[in-house]
Amino acid sequence: MSREHEWVDEEAGPVVRPYAVARGRTRPASSALDLLANVGATGLPAPSGAELSAQHRRVIACLSGQSRPVAELASEVGLPVGVIRVLLGDLLEYGLVAVRPQRDRASSPTESLLREVINGLRAL
């Protein structure tokens, strides 16, 4: 059995709990990592002495070539948002990711536009 499959139960999902992935931490190192902040890989090599887990590497791999909002990244990697924020905080400290704050509220979609989108999706 491969090492990757040791930690997954087909019915229950991942066996390793999220707090173990984040090494018991619950808060990211940076307050800039809100749900809508765009995060992208810098392309820099990891500094010597950087402790990167498999999950850190998965996050970097998901970010290669494009930036993504924190919430979307959490969904893609399959980890809770809180865990992703902690991992991104680590990567930010190592200089491996860059964070762009969310767009200004003025350039955000209006409530009426969002309601139209929701109604359109319901009509499908």
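Residues numbered from 1 in each chain as written. Predicted model: local features only at pLDDT ≥ 70, side-chain atom pairs only at ≥ 80, totals over all residues. Heavy atoms only, no water.

> So what exactly am I meant to see when it comes to the pattern of salt bridges here?
It is possible for side chains of opposite charge to pair when their charged atoms get near one another. One pass over the full model with this rule turns up 3 salt bridges. With its nearest N and O atoms 3.9 Å apart, the salt bridge here joins Arg68 to Glu72. Accessibility expressed as a relative area gives 41% for Glu72, which makes it partly exposed. Put simply, Arg68 and Glu76 hold a salt bridge, and the shortest N to O gap is 2.4 Å. For Arg68, a relative accessible area of 8% puts it in the buried group. Of the residues examined, Glu76 reaches a relative accessible area of 45% and is grouped as partly exposed. (Salt bridge = Lys/Arg side-chain N within 4 Å of Asp/Glu carboxyl O. Buried < 20%, exposed > 50% of the residue type's maximum accessible area, 1.4 Å probe, protein only.)

> It is not clear to me how the packing of helix 4 (residues 70-77) against helix 5 (residues 81-93) should be interpreted in this structure. Could you clarify?
In helix packing, the relevant descriptors are the interaxial angle and the interaxial distance, both defined with respect to the helix axes. Following both chains from N to C, one finds helix 4 and helix 5 inclined at 105 degrees, their axes separated by 9 Å at the closest point. Classified by the angle between their axes, helix 4 and helix 5 sit roughly perpendicular to one another. Judged by residue contacts, Val70, Leu73, Ala74 and Val77 of helix 4 engage Val81, Ile84, Arg85 and Leu88 from helix 5. Split into classes, the residues belonging to the contact of helix 4 with helix 5 amount to 7 nonpolar, no polar and 1 charged. (Axes fitted to C-alpha atoms, helices over the stretch in contact; angles between N-to-C directions. Helix = DSSP H or I, 4+ residues; strand = E, 2+ residues; numbered from the N terminus. Parallel < 35°, antiparallel > 145°, perpendicular 65-115°, else oblique. Contact = heavy atoms within 4.5 Å. Nonpolar A, V, L, I, M, F, W, Y, C, P; charged D, E, K, R; others polar.)

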